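Here is what each chain is made of, one letter per residue.
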Amino acid sequence: MPIKNRISKFENEITQWRHYFHENPELAYKEKNTAKKVVQLLKSFKVDKIETGFGKTGVVATIESGSGKSIGLRGDMDALPITEENTNTKYCSKIKGKMHACGHDGHTAMLLGAAKYLSETRNFKGRVVLIFQPAEEGYAGAKAMIDDGLFKKYPIDEIYGMHNIPGLGKGIIAVDEGPKLAAADNFIVKILGKGAHAAMPANSIDPILCASSLIQNLQSIVSRNVNPKETLVVTVASINSGEANNVIPDEAELTGTIRYYDKAVGTYAKDRFSNIVKNTCKLFGANSKIKIKSGYPPTVNHQANSKFAYEVAKKVVGMKASSTQIPMMGSEDFSYFLEKVPGAFAWIGNGNSAPLHNPKYDFNDSILTTGSSYLASLAEEKLNKS
Ligand SMILES: [Zn+2]
Ligand SMILES: [Zn+2]
């Protein structure tokens, strides 16, 4: 079962859909035209049921064939606030400041390709739930769909998704169990000191000196508090304080991110973080305000589902299937789905392209039929007729 012949036959169509989405990018929760196009195509494929406005701008559709299990397949639809620099392509973004720089145009097109094939052939027993989600890029569209009753209205037994990865060989599908993307929490720390003339430091509580010490102290969380076998990132990514060369300011503000795979590690790290901030500030006579905002949870692939997905990938791409899926410290809101339903999130190699979120990035059209075949095969194999 390599790339499905029937899917290869409409490769041009899938490519056209991808280019249409690419030319017309829409940001989180604004994917109205994208959703409209998705619905129009799903109607032409004669799927059974289509529901719009799920999680604001998401679309859910079902394809049924007799009775059996139910499997969810997900594609994300939103673009990024970036101005595209690939002006040499025929399908460059038509909208300045908006671009499909994460390949969600390709993900949506691949899921549509699988939908067309599955609706046409119905070579399975059960129900396929197609989930076209909004707002993956930082605005938790997956959670919005769950909160809107996605799994109550459309109960599913398992869920699968994938993301293209630049740098991984073209069309390689990599999937295995465990954490694959990190939880990403963000912090803002305010150091409240006391300003003074820069020539009279004794009259101040210098927030800049305190901040520089604090940044050093925070490094000890990763290096000395957490087991070296665990994965943790504590990054101070911005520091703002002061304006003039002869004034010690009142305050300093630091922002950054704390990322981890294991929630217990995250809880411990955040606890240490707050303690270090409070006590370092105290040492300097300053006060502090700490805000830690929880982001997406870690994306953790379930064991049996990852194994199954790898077996399916092997059937579709043969030697290009890999059971070594390199974990990354980025984050994904597919994590919310995996917290509710067992499943797996795979990488599909985008070849040697510019990185994700780069103005020169482009989804690789030559992997569209591979992705569609993989998604369709997951459904057919899981909802096997025999
Ligand atoms: Zn992204
Ligand atoms: Zn993405």
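Here, the structure is the one placed above.
The structure contained in this document is the topic of the report that follows.

Turning our attention to unusual backbone geometry. Located in the positive-phi region is Lys 46, a residue other than glycine, with phi close to 60°. Mapped onto the secondary structure, Lys 46 falls in the loop between α3 (32-44) and β1 (49-54). For Lys 46, a relative accessible area of 63% gives the class exposed. In this structure, Ala 135 takes a positive phi of about 50° despite not being glycine. Mapped onto the secondary structure, Ala 135 falls in the loop between β4 (126-133) and α5 (141-147).

Moving on: the coordination of the zinc ion (ligand 1). Six octahedral donors around a metal ideally make angles of 90 or 180 degrees; four tetrahedral donors ideally make 109.5 degrees. Taken together, Cys 102 (SG), Glu 137 (OE), Glu 137 (OE) and His 357 (NE2) make up the full set of protein donors to the zinc ion (ligand 1), lying 2.0 to 2.7 Å away. Because the angles between the 4 donor atoms bound to the zinc ion (ligand 1) fall within 53 to 149°, the donor set is best described as irregular. In terms of primary sequence, the donors binding the zinc ion (ligand 1) are separated according to C-x34-E-x219-H. In this structure the zinc ion (ligand 2) is found 3.1 Å away from the zinc ion (ligand 1), and Cys 102 serves as a bridging donor for the pair. In this pair, Cys 102 sits in the loop between β3 (70-76) and α4 (104-121) while His 357 sits in the loop between β16 (343-349) and α11 (368-382), placing the two residues 255 residues apart along the sequence. By relative accessible area, which is 6% here, Cys 102 ends up buried.

What follows deals with α3. Under the 1.5 Å per step criterion, the end-to-end length of α3 is 18 Å for 13 residues, consistent within 8% with the ideal 18 Å. Residues Thr 34, Ala 35, Lys 37, Val 38, Val 39, Leu 41 and Leu 42 constitute the buried set of α3. Of the residues one or two after α3, Lys 46 is the one with positive phi, at around 60°.

On to the sheet that holds strand β12 (residues 251-260), then. As a general point, the strands of a sheet are linked pairwise by backbone hydrogen bonds and lie either parallel or antiparallel. Strand order in the open sheet made by the 4 strands is β10-β12-β8-β13, with antiparallel pairing throughout. The open sheet terminates on both sides in strands that have one partner only, identified here as β10 (232-240) and β13 (287-293). On average, adjacent strands in this sheet sit at an angle of 20° to one another, irrespective of strand direction. Here strand β8 (residues 183-192) pairs with β13 via 7 bridges, running antiparallel. The residue bridging Leu 192 from the neighbouring strand is Asn 287, located in β13. Each of β8, β10 and β12 touches helix α7 (residues 207-225); the most contacted strand, β10, lies at about 170° to it. Lying on the sheet, helix α8 (residues 263-283) is in contact with β8, β10, β12 and β13; it crosses β13 at an angle near 160°.

Rules behind the numbers
Residues numbered from 1 in each chain as written. Chains lettered and ligands numbered in written order. Predicted model: local features only at pLDDT ≥ 70, side-chain atom pairs only at ≥ 80, totals over all residues. Heavy atoms only, no water. Helix = DSSP H or I, 4+ residues; strand = E, 2+ residues; numbered from the N terminus. Buried < 20%, exposed > 50% of the residue type's maximum accessible area, 1.4 Å probe, protein only. Donors = N, O, S within 2.8 Å, 3.2 Å for Na, K, Ca; no water. Tetrahedral: all angles 85-135°; square planar, octahedral: opposite > 155°, others 65-115°. Expected span 1.5 Å × (residues − 1). Pairing = 2+ DSSP bridges. Axes fitted to C-alpha atoms, helices over the stretch in contact; angles between N-to-C directions. Contact = heavy atoms within 4.5 Å.

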